[in-house]
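An overview of the molecular structure
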Amino acid sequence: MINDLWAFYSDPANHFASTSLAFLNLCLVAIVAAVAIGILLGFAVSRNSILAFVAINASGLMRAIPVIAFLIAVLPYLGVGFTPAVTALIILGIPPVLLNTYTGLRDIDGSIVDAAKGMGMTGWQIITRVQFPLVLPIVAAGVRTAAIQIVATAPLAAFIGAGGYGDYIVDGFYTLHTVEILAGALPVSIIALLVEGGMSGLERLLTPAGLYKSRSLETARV
Amino acid sequence: MQYLLSPYNYDLSDPESIPNLFFQHLWLVGLTMLISLIIAIPLGLLAARYKGLYTPLIAVADVLYTIPSIAMVAFLIAFTGLQLPTVLIPLILYTQLVLIRNIVAGINNIDPLLLEVGKGMGMNSFQLFLRVRLPLALPTIVAGIRIATVTTIGIASLASLVAQGGLGDLIFKNIANGQLDAVVAGAILLAALAVIVDLLLLGLQVALNRGRNAFAVS
Amino acid sequence: MAKIAFVEASKQYKGASSPAVNAVTFDVPEGAICMLLGTSGSGKTTLLRMANRLIEPTGGAIFIDGTNILEENPIQLRRRIGYVIQQVGLFPHMTIAENIRVTAEIAGGWERNALNQRVDELLELVGLSPTEYRKRYPRQLSGGQQQRVGLARALATDPTIMLMDEPFGALDAITRARMQDELLRIQRGVRKTVLFVSHDVDEAFKLGDQIAVLNEGRLIQTGSPIELLTRPANDFVRQLVGADNTLRQLQYQPVTAALDHDAALTMEDNGETPTCDVHASLLDAMLLLLQTRSPALTIVDGTTALGPVTLASINREITAARNNQTEQPASITNA
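Residues numbered from 1 in each chain as written. Chains lettered and ligands numbered in written order. Predicted model: local features only at pLDDT ≥ 70, side-chain atom pairs only at ≥ 80, totals over all residues.

Description of the nonpolar core
Heads up, the rule is: Take the buried Ala, Val, Leu, Ile, Met, Phe, Trp, Tyr and Cys residues, join any whose C-beta atoms are within 7 Å, and the set you get is a nonpolar core. Exposure classification rests on a simple neighbour count of other C-beta atoms within 10 Å of a residue's own: a residue reaching 20 or more is buried, one at 12 or fewer is exposed, and one in between is partly exposed. C-beta atoms are placed from the backbone. What counts as a contact here is a pair of residues whose C-beta atoms, placed from the backbone, lie within 7 Å.
Core analysis: the biggest nonpolar cluster contains 198 residues, and Ile150(A) and Ala157(A) have the highest contact counts within it. Residue contacts for Ile150(A): discarding those within four places in its chain leaves Cys27(A), Ala30(A), Ile31(A), Ala34(A), Leu89(A), Leu92(A) and Gly93(A). In this structure, Val255(C), Cys276(C), Ala285(C) and Ile299(C) belong to the second largest nonpolar core, which totals 11 residues.

Following this line, the structure appears as structure tokens:
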């Protein structure tokens, strides 16, 4: 089996290097964009209760909708290829980051912000010097959830033509070629475990000892 | 929409009709949850009782949960082929983390004062479990079951890849030949099923949480 | 026979340098409220919780109705003892009625209708309208109301003994005073033997028929409030109960202590002397004297006049009591 896999990876016809690059590219772009948008939206909605209500409930609803259904839903509008796939993955990754940013900000003791205002900080200074450092570990937990979800879903995106290891898996399923399926499943699993390990380490690093214990497991995913 | 609205697709004699695929999907989800609970409840109760067991158990469940479901199905094909276990095993393994975690949290996060009070009025350990621990833990446990069930509804679509039917058939069998209408119909049904089950279980959760803040457990 | 008897009862925790409860011996008579008074860490709660074996003694014995409870099944024991604590601990998932019923249900032997009737009776007893509160949940009640339910729950099986661990400690001053009055009112009807932990001297004096003062695990003194006031066993008790506090002495000394027997022989009742009930305190008598500007009061027990009390006789009694303190300490145990 190992030999078969090795033969598969080293066969130039299978383009292992460029497939790997495509997969990593897809994941990385989606994660970075989802985190950036999620944090920005989190800060934005925390300043307006109506926006917050809408964002929280939309995110909650998205958690219940199966990822595969979600990927398909964008298909008629965005077509196939890298762009629709990465867009779908970004939208998928936003809710956990947004929710954790928002709840993290909401749960900061009001007197701390009051004190910051009292010593004459501007709105921007309050965000960068007070709120952001306090909310960081909670955001990190959301980022971890988002990243793992994106990595886990990226192979499925091959069904809508995103490329990457998903191509091996999809092709393998349709041709019932076990080695090819495994050739896709193996690196995907390794990357998922690496991301999980790395992100949980990062989360621990950012958490002041014994201060927060927040990890949401509420995210449904495929 | 055309696909969903066409009466032709509701012919019960056709095994590939919408109702048949729908019930196939429900059956798979139901079977998964049944076996998952049979495994998770004793494991959770043990882990709640013996603290030393909790960390390794959760670590294993966490690793299993991290492996992408499609990858796990792919691994299993090499061993169990295009059979029910190939999709059933990953589905069951996936539910364990959230189920065990919530069972343990539900039982261990009970205010020790209430256990003390129960003991003080002369409850034996069985009465304490039945009248205090279980009713107080149940909302958290049901919250876990809810998340696990909704997740399972989504992942169960992979059953189609190993020829086990379900709503995934509408998606995976039609996506390759570009029948988008059927694909979208599958996605809509899948999403609707997940949302409805989510709301039903949320209702159960709130009902069980009587006397306390109705939405305190999510 | 004593209802509850502690005999050399001790609790030594592993690793602790001194015992939490150190060879405590005293009796509680049937139908009395016995206050366990002490600062935090004095061992009073530990002692209380040994009485229903939530804490197992490491030495000595505890008798209830003459039976050593250490030889009894702890679960059966707890079912016949009412237990009330400061945090109340009502079950949040049960209605008020269910919370009260649960003690009777686990003990068994109650018929359904009788139980429902009992719940209503108990709610009435603690001053909550059954129709209004039966179906509510604990979180819909105020702290004081919750503690009323806590009391009703402990009384549900009609136990002869109640253990109360600072039950009113978390309430505001006004509610606390009201609950203390309620407890006394209920106690007049039900006559339980009550062991009551408190760190509040005023509460101990107000409720206690008997007070047991504990310090660092040892029993320093037991006695009635007035015995503690007039004959404190040592400086610790004197400071704790405020034996030097004249106002408290006036408040807790019965008016009969200041009866002027000599004057009784010489004074003639001209019918204008105000009267004072025999159960009043010295403070009541003094206030009446000041208000009426009368030189003397006549103490009456029903229709019988017992004799006069004057400001001079009150003053004499207080001075005498204070001089007494150091000379003849009463009922020192383990001091």
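Here's the deal with the confidence of the model for chain A
Residues and elements named next belong to chain A. Just so we agree on the cut-off: Per residue, pLDDT captures the predictor's confidence, and it can take any value from 0 to 100. Labels follow the DSSP assignment, with helices taken as runs of H or I lasting at least four residues and strands as runs of E lasting at least two, numbered in each case from the N terminus.
A residue-level look at chain A finds 93% of positions with pLDDT of 70 or above and a mean pLDDT of 84. Averaged pLDDT values for the elements of chain A fall to 76 in helix H4 (residues 67–78) and rise to 93 in helix H2 (residues 16–45). In the predicted structure, residues 212–222 sits below a pLDDT of 50 and forms 38 contacts with residues beyond four places in sequence or in another chain.

Some thoughts on the interface of chain C and chain B
The accessible area lost on association of the parts is a frequent measure of interface size. Quick reminder of the rule: Only Asp, Glu, Lys and Arg are considered charged in this grouping, and only Ala, Val, Leu, Ile, Met, Phe, Trp, Tyr, Cys and Pro are considered nonpolar; every other residue, Gly among them, is considered polar.
Counting residues at the interface gives 19 residues for chain C, matched by 18 residues for chain B. Mapped onto the side of chain C that touches chain B, the elements with two or more residues apiece are helix H2 (74–79) and helix H3 (96–107) of chain C. Here the side of chain C that touches chain B takes 4 residues from H3(C), the largest share from any one element. Residue composition of the side of chain C that touches chain B, by class: 11 nonpolar, 5 polar and 3 charged.

Notes on helix H5 (residues 84–108) of chain B
Residues and elements named next belong to chain B. Note the threshold: The span expected for a helix works out to 1.5 Å for each residue beyond the first. Bend angle per residue: angle between axes fitted to the 7 residues ending at that residue and the 7 residues starting there.
Its 25 residues place the ends of H5 36 Å apart at the C-alpha level, agreeing with the 36 Å of an ideal helix rising 1.5 Å per residue. Maximal helix bending in H5 amounts to about 35 degrees, located at glutamine 96. In terms of burial, H5 is largely enclosed, as 19 of its 25 residues are buried.

A closer look at the interface of chain B and chain A
Tallying the contact residues gives 33 residues for chain B and 33 residues for chain A. Elements with a minimum of two residues in the side of chain B that touches chain A: helix H3 (51–66), helix H4 (69–80), H5, helix H7 (125–155), helix H8 (168–175) and helix H9 (180–208) of chain B. At 9 residues, H9(B) tops the list of elements feeding residues into the side of chain B that touches chain A. Here the side of chain B that touches chain A is composed, by residue class, of 26 nonpolar, 5 polar and 2 charged.

Examining unusual backbone geometry
Backbone geometry at Ala163(B) places phi at a positive 60 degrees, although glycine is not the residue there. Take Ala163(B): it is sitting in the loop between H7 and H8. Despite not being glycine, Glu166(C) has its phi angle at roughly 40 degrees, a positive value. Note on placement: Glu166(C) falls in the loop between strand S7 (161–165) and helix H7 (173–190). For Glu166(C), a count of 20 C-beta atoms within 10 Å gives the class buried.

Describing the environment of Tyr137(C)
Topologically, Tyr137(C) is positioned in the loop between helix H5 (130–133) and helix H6 (143–155). A residue is classified by how many C-beta atoms lie within 10 Å of it, and Tyr137(C), with 18 of them, is partly exposed. For the pair formed by Tyr137(C) and Ile299(C), sequence separation is 162 residues and the distance between their alpha carbons is 51 Å. If we ignore the near neighbours within four places in the chain, the residues touching Tyr137(C) are Gly211(B), Pro92(C) and Thr95(C).

A few points about the sheet that holds strand S11 (residues 275–277) of chain C
Residues and elements named next belong to chain C. Basically, it comes down to this: When DSSP finds two or more bridges between two strands, those strands count as paired. To get an axis, a line is fitted to the C-alpha atoms, and for a helix only the part in contact is used. The angle between two axes follows their N-to-C directions and goes from 0 to 180 degrees.
Spatially, the 3 strands line up as an open sheet ordered S11-S12-S13, and their pairing is mixed. The open sheet is flanked by S11 and strand S13 (304–309), the only strands paired with a single partner. In this sheet, neighbouring strand axes are inclined to one another by 35 degrees on average, regardless of whether the strands run parallel or antiparallel. Judged from the 5 bridges that link them, strand S12 (residues 297–301) and S13 form a sheet pairing that is antiparallel. Among the inter-strand pairings, aspartate 301 is bridged to a residue of S13, identified as threonine 304.

Structural notes on the environment of Thr95(B)
Residue and element names in this part refer to chain B. Topologically, threonine 95 is positioned in helix H5. When the 26 C-beta atoms within 10 Å are taken as the criterion, threonine 95 is described as buried. Distance from threonine 95 to aspartate 169, taken between C-alpha atoms, is 23 Å for residues 74 residues apart in sequence. In this structure, threonine 95 is in contact with Thr32, Ser36, Ala40, Ala148 and Thr152, ignoring residues within four places of it in sequence.

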